[in-house]
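For reference, the chains in residue letters:
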Amino acid sequence: MGLLSDPVRRRALARLVLRLNAPLCVLSYVAGIAWFLALVFPPLTQRTYMSENAMGSTMVEEQFAGGDRARAFARDFAAHRKKSGALPVAWLERTMRSVGLEVYTQSFSRKLPFPDETHERYMVSGTNVYGILRAPRAASTESLVLTVPCGSDSTNSQAVGLLLALAAHFRGQIYWAKDIIFLVTEHDLLGTEAWLEAYHDVNVTGMQSSPLQGRAGAIQAAVALELSSDVVTSLDVAVEGLNGQLPNLDLLNLFQTFCQKGGLLCTLQGKLQPQDWTSLDGPLQGLQTLLLMVLRQASGRPHGSHGLFLRYRVEALTLRGINSFRQYKYDLVAVGKALEGMFRKLNHLLERLHQSFFLYLLPALSRFVSIGLYMPAAGFLLLVLGLKALELWMQLHEAEVGLEEPGGAPGPSVPLPPSQGVGLASLVAPLLISQAMGLALYVLPVLGQHVATQYFPVAEAEAVVLTLLAIYAAGLALPHNTHRVVSTQAPDRGWMALKLVALIYLALQLGCIALTNFSLGFLLATTMVPAAALAKPHGPRTLYAALLVLTSPAATLLGSLFLWRELQEAPLSLAEGWQLFLAALAQGVLEHHTYGALLFPLLSLGLYPCWLLFWNVLFWK
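Fair warning: this is a prediction, and the values are worked out from it, not measured in the lab.

### Some details on the sheet that holds strand β5 (residues 179-186)
So, step 1. Strand order in the open sheet made by the nine strands is β6-β2-β3-β5-β4-β7-β10-β8-β9, with mixed pairing throughout. Single-partner strands in this sheet number two, and they are β6 (208-209) and β9 (266-268).
So, step 2. As paired strands, strand β4 (residues 142-150) and strand β7 (residues 218-226) are joined by six bridges and run parallel to one another. Paired with Leu144 across the strands is Ala221, a residue of β7.
So, step 3. Helix α20 (residues 574-595) contacts β2 (102-116) and β3 (121-133) of the sheet and is inclined by roughly 135° relative to β2.

In C-alpha cells:
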C-alpha cells in the first residue's frame, strides 16, 4: 500500500507502466495468438476418454439386421412423399402403429418476420409425427429421442426408413428402461422447435402449435439422423448447437466408440482425424479442423436438429451419412448397429450426462481441449485492453507524467493540466448516440421492410439486408454529430476518457462472450483488440481508420466466410463472397427471430455501438 500512497513512488510506477505499455500489449497479443495455435499440440490437446461409468464398456451385442426392411420403408416413404408433395402423415401414422408404437401428431404454423429466400418459405405450416415405445422395465420417467428432420429441399428418405426399421427392432426387445421417442419433423428446424416447445410446455419463439397428446419421460439424450443414400462411406458428426452450445463430451465419445467397434469411418467437420500426432502433419490437420469448429460455433447457428435440443438441457448429436468417392462402403445395417449400441448404452444411464466436459474444442474426434487450457488464449487478448485502459487512467489522473527515453533522460510530459477535469456529462452524448444507432440497427430493418418495399423495387428480404447496411454505414457520420454536444474545455482528456470507457465496455463484452461461446469471443477479440488499442486522434489517422473498418463486426463476418470456404477447400470469388455475406446477414436476423439465436443482438446492441465509440475517438476534433 505504501507504493500506491506515496506520490513519488506512485509517479515512478506510472512512468514504468507507461514506458512498457506498448511492448507489453504487443507481447500479450502475440502470446494469445500463439497459445491458440499451440492448442493442437500435445500436451494441450488430450486424448478423449469416457467419464460416465455406465457407458464405459461396449460389451453389448448389436442384433439389428433390418437393412432390407429399412430400404423398403425408405422407398415407400419417398413414393408417398412425392405423391402428396408434403410429409406423408397418414402413411407414417399407419406404419408406426404397425410396428407397435403409440403414434401422435402435432400441427404447427409460423409466420416468419420476412420471407426466407434460402428455403423459399414465409407462411409455414406443417405436421410432426412421433411414436413412443414405452419401456417395459420401468415407469415412463425418462426417455431417449431418435429424430429425423424432413425439409422441403432435403432428401432424408433413408433416414426415415432406418428410423422405422430400428423402431420395429427395438419393439421386440425387453431390456429398455427408458421410453424411446421416434420423431419425424417437417420443415427441418421449425418442426423440431415446435415439438420441443410443446413437449416442455413453453413458447419462446412465438410458434403456434397444437398441444401434444402423448408424452414420455424427461428426455435424457437425443440423436438426429440425416441419410440420403442406401450406403455411406463415413458418418459425420455435428456438435455445434444454438448459440454455440455443445453436448456433453461423453455422448461424442460414445458415438466414436461404436463407430470404431463396427468399423465405421467417422469424421468431424468433414475431415478425417489425423493418425500421427508426433509429426507436424497431424497437428496441422488438427488445426484445420479446430478452425472449422471455431467458425461454426462462433456463428451461433444450430448445425442440425440436435442444436435446438441443447437449449432444453438435452444432450444431442446430429449424424450425417456421407457417400463420397471412397472405396469402402457401409450399408444401413452397419449404421443401424451403431445407433442400436448407442441407445443401449444410453439406456443404462442412472442420471443425466454430467461427468464429462460441456465446454471444449475438438481438433479431432479422438482429441479435445478443455476450457482450462483454451481460456488463456482469450485472457491474453483481453489483457491488451486492460493494459491500454490502465495507461489512459494513469494519464488522466497523473498531473505530470514523464516518459523516459531508453538512455534514461526523462521525456516530455503529457500536457494534461491537473486543473482541467473531465465531466461525465461530456461522455453521455457519444454513448447515447452510439447505443441509439445500435438499437436502430436491431429494430428498424424488420419493422421498416414494408416501407422500403413500397418505395424501392426490392423484396422484403433484400429490404432488410439493405436497411442493415445503410444503418451500419450511417454510423460513420457519428463523429460529426457527437462533437457538437461534447464539451470542448479539455479536448485531449475528452477523447482519452471516452476511449477508457470504450475499452472497459469492450473488455466486459468480450469476456462475457468468451465465457459462454469461446469461439465467438476469441474471433472478435482477435480482430477488434488491435484496432481498439491503436485508435486515437493523432498519428496516421487514415491508417487507423482503415484498420478500424477492416476489423469491424461486419468485416469480421465477411472475412470469416472467406476463411470458412478456404478451409473447406472451396474458395470463393469476391462476387460469390459478397452474395454469401448478404445471405448470411439475412439468415442471422431470421434465425434470431425464429429460433432465438443471439449473434445478431450481440453485434447490433453491444459490439457495434462499442465499435462506434472507437470510431468517435479516432475522429475526435
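### Details of the domain arrangement of the chain
So, step 1. If you check the domain split of the chain, you get domain 1 (86-269 + 301-353) and domain 2 (424-619).
So, step 2. The C-alpha centroid of domain 2 is placed 37 Å from the C-alpha centroid of domain 1.
So, step 3. Residue-level contacts link 19 residues of domain 1 with 19 residues of domain 2.
So, step 4. Taken together, the two surfaces of domain 1 and domain 2 that pack against each other cover about 1700 Å², and 58% of this comes from carbon and sulfur.
So, step 5. Together, Pro113, Phe114 and Asn243 form the three largest contributors to the area buried by domain 1 at its contact with domain 2, with a combined 37%.
So, step 6. The interface formed by domain 1 and domain 2 holds one salt bridge in total.
So, step 7. Glu591 is paired through a salt bridge with Arg301; the nearest N and O atoms lie 2.7 Å apart.

### Focus on the sheet that holds strand β1 (residues 46-47)
So, step 1. With respect to topology, three strands assemble into an open sheet ordered β1-β12-β11, the strand pairing being antiparallel. The sheet is open, and its two edges are formed by β1 and β11 (360-364), each paired on a single side.
So, step 2. Inspection of the sheet shows β1 paired to strand β12 (residues 367-370) by two bridges, in the antiparallel sense. Within β12, the residue paired with Arg47 across the bridge is Arg367.
So, step 3. Lying over the sheet, helix α11 (residues 371-397) contacts β1, β11 and β12, oriented at roughly 60° with respect to β12.

### Comments concerning the side chain of Ser604
So, step 1. Within the element layout of this structure, Ser604 appears in helix α21 (residues 599-618).
So, step 2. A distance of 2.8 Å separates a polar atom in the side chain of Ser604 from the backbone oxygen of Phe600.
So, step 3. Excluding its chain neighbours within four sequence positions, the residues that come into contact with Ser604 are Gly438, Leu441, Tyr442 and Pro609.

### Quick look at the packing of helix α17 (residues 518-534) against α21
So, step 1. For the pair α17 and α21, the least separation of the axes is 12 Å and the interaxial angle reads 15°. Comparing their axes, α21 and α17 come out roughly parallel. Crossing geometry of α17 relative to α21 is assigned as right-handed. The residues of α21 that touch α17, namely those facing Leu520, Leu524, Met528 and Ala532, are Leu599, Leu602, Leu603, Leu607, Trp611 and Phe614.
So, step 2. Split by residue class, the contact of α17 with α21 holds ten nonpolar, no polar and no charged.

### Points about the packing of helix α8 (residues 281-299) against helix α19 (residues 553-567)
So, step 1. Taken N-terminus to C-terminus, the directions of α8 and α19 make an angle of 140°; their axes are 10 Å apart at the nearest point. Of the possible angle classes, the one that applies to α8 and α19 is oblique. For the pair α8 and α19, the crossing hand works out as left-handed. In this structure, α8 contributes Gln288, Leu291, Leu292, Leu295 and Arg296 to the contact, and α19 contributes Ser560, Leu563, Trp564 and Leu567.

### Section: the UniProt feature "transmembrane region" (unreviewed entry) in the chain
So, step 1. According to UniProt, the feature "transmembrane region" (unreviewed entry) maps to residues 20-41, 357-385, 422-444, 456-478, 498-531, 543-564 and 598-620 in the numbering used here.
So, step 2. Along residues 498-531, the helical share is 97% and the strand share 0%, with 15 Å between the first and last C-alpha atoms.

### Brief notes about the packing of aromatic side chains
So, step 1. Evaluation of the coordinates by the stated rule reveals 21 aromatic pairs.
So, step 2. Between Tyr472 and Trp611 the ring centres are 6.1 Å apart and the planes differ by 20°, which places this aromatic pair in the stacked class. In this pair, Tyr472 sits in helix α14 (residues 460-474) while Trp611 sits in helix α21, placing the two residues 139 residues apart along the sequence. Like Trp611, Tyr472 is buried.
So, step 3. Joined through ring pairs, the aromatic side chains of Phe170, Tyr175, Trp176, Phe182 and Phe343 make up one cluster.
So, step 4. The aromatic ring of Tyr199 is capped on one face by Arg215, whose charged end is 6.0 Å from the ring centroid.
So, step 5. Here Arg344 stacks its cationic end above the ring of Tyr175, 4.2 Å away from the centre of that ring.

### Notes on the pattern of salt bridges
So, step 1. All told, the structure shown has 14 salt bridges when counted by the stated rule.
So, step 2. Glu62 is paired through a salt bridge with Lys261; the nearest N and O atoms lie 3.2 Å apart. Separated by 199 residues along the polypeptide, Glu62 in the loop between β1 and α3 (67-84) and Lys261 in helix α7 (residues 249-262) bring together distant segments of the chain.
So, step 3. A relative accessible area of 38% places Lys261 in the partly exposed class.
So, step 4. Each member of the salt-bridge network shares a partner with another, and the members are Glu102, Arg134 and Asp179.

Calculation notes
Residues numbered from 1 in each chain as written. Predicted model: local features only at pLDDT ≥ 70, side-chain atom pairs only at ≥ 80, totals over all residues. Heavy atoms only, no water. Pairing = 2+ DSSP bridges. Helix = DSSP H or I, 4+ residues; strand = E, 2+ residues; numbered from the N terminus. Contact = heavy atoms within 4.5 Å. Axes fitted to C-alpha atoms, helices over the stretch in contact; angles between N-to-C directions. Domains from an automatic or database assignment. Buried area = accessible area lost by both parts, 1.4 Å probe. Salt bridge = Lys/Arg side-chain N within 4 Å of Asp/Glu carboxyl O. Polar contact = N/O pair within 3.5 Å; in protein donor to acceptor, adjacent residues only side chain to side chain. Parallel < 35°, antiparallel > 145°, perpendicular 65-115°, else oblique. Left-handed = near helix turned anticlockwise from the far one by under 90°. Nonpolar A, V, L, I, M, F, W, Y, C, P; charged D, E, K, R; others polar. UniProt positions renumbered as here; feature names shortened; annotations may be inferred. Phe/Tyr/Trp six-rings, centres within 6.5 Å; stacked < 30°, edge-to-face > 60°. Buried < 20%, exposed > 50% of the residue type's maximum accessible area, 1.4 Å probe, protein only. Lys NZ or Arg CZ within 6 Å of the ring centre and 35° of its normal.

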